[in-house]
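# Observations on the model geometry
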Amino acid sequence: MCIIMRSTALVAAALSTLPLLELIPGSHAAPTMLSDSDNNHLRGRPVSVSYSLVEQTQDDNSMPSSSFGRVLQTVLNTSEEQQHIEDLDTHYPLFLANKDRTGRKLAGDAHDMVVEVTYEHIYAILVFLIAATALGIFTSKLGMPALVGEIITGFLLGPPLADFVPYPKALVLVGEIGLILLLLEAGVELDVAQLRETGTKALGIGVTGTILPLVVGMGLAIASDANMGIKSALAVGASFSPTSLGVAASALKQGKMLDTPVGQLIVSSCVVDDILALILLSMFQVLVEENPPIIAYFIPFISSLGFLLVLGGSAVTWLPKFIQNKILNKVPEQHRELTMFSIMTAMLLAYLPLLNYTKSSYLTGAFLAGATFSQIESAHHAFIKKTHQLMTWLLRVFFAASIGFQVPVKLFSDPYVIGWGFILYVCVLAKFPLMFYVPQFEDVKEGASYNPFLRDRLITGL
């Protein structure tokens, strides 16, 4: 028993401290040959390797029958023998643990996962999160959305300028998860009754908001370079067509306008806008191909509109009633909330890949999954209660990293970039006339100093 315990301890110590794994012939791990770079890494290193294999016998009652049958003991230490790794190649199959940037070490079927972080990385992430929070609070005190300060923090401390933040890709990934939850919440907060009244207006805003910047951007691009091809000019215009549903929903939420009639109108029009923008993007992918099939031009259009009609139509008609009456009402009240979140999560995980791999938008899938629960009792209250703190931090990372890290702030010193930046802003201003689509949601008292109708139009245009 002492031999087994000591062997086990030696194995743990060896595998946790040294990047070398050597298995005895006859073990169940598949042999892996060393690459030239691996041999070069190890050659000349003085080590002594001793092996012992402890077999569990049927008569050994000191170990339970479920314990492993064999314990591989690998001991690596410097010694007087000064024996090199290549001398062992003729006696034992060596397995080198190739270490990638994530800290993962693999050797045949043997697998040991180590995530390596340093104090400096931890401290830098803390500074980044605290700075984003502080600057967000500061900008909100100035009357601007907190996301402005968070984006500024991102491009100041992130890769565009200081490059102070470690693992920027990981932070962008976390931020994108926050965006998915934001759109899920926007769907849950959808006012179906209001949507039925303003659906035509939302469609008009979405279509017009896509076409106007596209045309203006193409004209400016051709004016800047007469030799520019139609594809390049189309790309310039299309880059200004989308209206970010995530940014719009977050700004409306911080301004406490998300669940108002004008907020619902803007969110609905952003969904239409995003779908049209994704169709344009898919068309560009087809245009750069050589001799694409005709059907490739129509797949994005069919997929996006088809799912919007089928999944969106189900979300505002029969599906909420089915979930409420056939499932939730039959579940004990103490488990009803958990059941609702389980169904919502299952639908989210189904809609995301379904819309993504059919050339549509996975973000639209998140919105449609949430919209399914917009007519279910207490769904909105439960969602806000359970996810508010989590979403606050995820969205802070989204604006600071997913958006802030993309700002090429170093190029702002180039007068050409600044000049054309202001000129191309005309494409953004082209969306301002969309304000005239907004109907009057509230009555305006004669002689009143405050006009909510004008407010709604300005919010929509901006």
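Residues numbered from 1 in each chain as written. Predicted model: local features only at pLDDT ≥ 70, side-chain atom pairs only at ≥ 80, totals over all residues. Heavy atoms only, no water.

## Things to note about the overall build of the protein chain
Secondary structure summary: the protein chain contains 17 helices and seven strands in total. The long-range fraction of contacts in the protein chain, counting pairs at least 24 apart against all pairs at least 6 apart in sequence, stands at 73%. Only carbon and sulfur atoms are counted for the fraction: they give 64% of the accessible area of the protein chain, which is about 26000 Å². (Helix = DSSP H or I, 4+ residues; strand = E, 2+ residues; numbered from the N terminus. Contact = heavy atoms within 4.5 Å. Areas by Shrake-Rupley, 256 points an atom, 1.4 Å probe, with all protein chains shown as cover.)

## Examining helix 15 (residues 379-403)
In this model, helix 15 (25 residues) spans only 30 Å end to end at C-alpha, well below the 36 Å of a helix rising 1.5 Å per residue. Most pronounced at Thr 387, the bend in helix 15 amounts to some 60 degrees. (Expected span 1.5 Å × (residues − 1). Bend = angle between axes of the 7 residues up to and from the residue.)

## Side note on helix 7 (residues 192-224)
Helix length check: helix 7 (33 residues) gives 45 Å between terminal C-alpha atoms against 48 Å at 1.5 Å per residue, within 8%. The largest bend in helix 7 amounts to roughly 65 degrees and is located at Thr 198.

## Describing the confidence of the model for the protein chain
Residues at a pLDDT of 70 or more form 75% of the protein chain, whose mean pLDDT is 76. No element of the protein chain has a lower mean pLDDT than strand 2 (residues 48-55), at 37, and none a higher one than helix 4 (residues 119-141), at 96. Predicted confidence for residues 1-111 stays below pLDDT 50, and this span has 141 contacts to residues more than four positions away or in other chains. (pLDDT = per-residue confidence, 0-100.)

## What to know about the side chain of Ser 269
By the element assignment, Ser 269 lies in helix 10 (residues 261-287). Polar side-chain contacts of Ser 269 include one of 2.7 Å to the backbone oxygen of Ile 266. (Polar contact = N/O pair within 3.5 Å; in protein donor to acceptor, adjacent residues only side chain to side chain.)

## Remarks on the pattern of salt bridges
Across all of its chains, the model carries four salt bridges by this definition. Between Glu 337 and Lys 386 there is a salt bridge, with its nearest N and O atoms 3.4 Å apart. One end of the pair, Glu 337, is in helix 13 (residues 333-356); the other, Lys 386, is in helix 15, and 49 residues separate them in sequence. Residue class for Glu 337 comes out partly exposed when judged on its relative accessible area of 32%. In this structure, Arg 455 engages Asp 456 in a salt bridge whose closest nitrogen and oxygen atoms are separated by 2.8 Å. (Salt bridge = Lys/Arg side-chain N within 4 Å of Asp/Glu carboxyl O. Buried < 20%, exposed > 50% of the residue type's maximum accessible area, 1.4 Å probe, protein only.)

## Some remarks on the nonpolar core
Among the nonpolar cores identified, the biggest contains 58 residues, and Ile 323, Met 347 and Phe 373 are the most heavily contacted of them. Looking at this core element by element, the count peaks at nine residues for helix 13. If near-sequence neighbours (up to four positions away) are discounted, Met 347 is found in contact with Leu 319, Ile 323, Ala 369, Thr 372 and Phe 373. Counting eight residues, the second largest nonpolar core, distinct from the first, contains Phe 128, Val 165, Ala 400 and Phe 405. (Core = buried A, V, L, I, M, F, W, Y, C linked by side-chain atoms within 4.5 Å.)

## So, the environment of Pro 408
For Pro 408, the location among the structural elements is in the loop between helix 15 and helix 16 (415-429). Note: C-alpha distance between Pro 408 and Phe 155 (253 residues apart in sequence) is 7.8 Å.

## Brief notes about the packing of helix 4 against helix 5 (residues 146-157)
Interhelical geometry of helix 4 versus helix 5 gives an angle of 140 degrees and a closest axis separation of 7 Å. When the axes of helix 4 and helix 5 are compared, the pair comes out oblique. The way helix 4 lies across helix 5 gives a crossing that is right-handed. Counted together, Phe 128, Ala 131, Ala 132, Leu 135, Gly 136, Thr 139 and Ser 140 of helix 4 and Ala 146, Val 148, Gly 149, Glu 150, Ile 152, Thr 153, Gly 154 and Leu 157 of helix 5 form the full contact between these two elements. Residues belonging to the contact of helix 4 with helix 5 are distributed by class as follows: eight nonpolar, six polar and one charged. (Axes fitted to C-alpha atoms, helices over the stretch in contact; angles between N-to-C directions. Parallel < 35°, antiparallel > 145°, perpendicular 65-115°, else oblique. Left-handed = near helix turned anticlockwise from the far one by under 90°. Nonpolar A, V, L, I, M, F, W, Y, C, P; charged D, E, K, R; others polar.)

## Some words on the packing of helix 13 against helix 14 (residues 362-371)
The N-to-C vectors of helix 13 and helix 14 enclose an angle of 150 degrees; their axes lie 7 Å apart at closest approach. Compared by their axis directions, helix 13 and helix 14 come out roughly antiparallel. The two elements helix 13 and helix 14 meet at a crossing, and its hand is right-handed. For the pair formed by helix 13 and helix 14, the contact residues are Met 347, Leu 348, Tyr 351, Leu 352, Leu 355 and Asn 356 on the first element and Tyr 362, Thr 364, Gly 365, Ala 366, Leu 368 and Ala 369 on the second.

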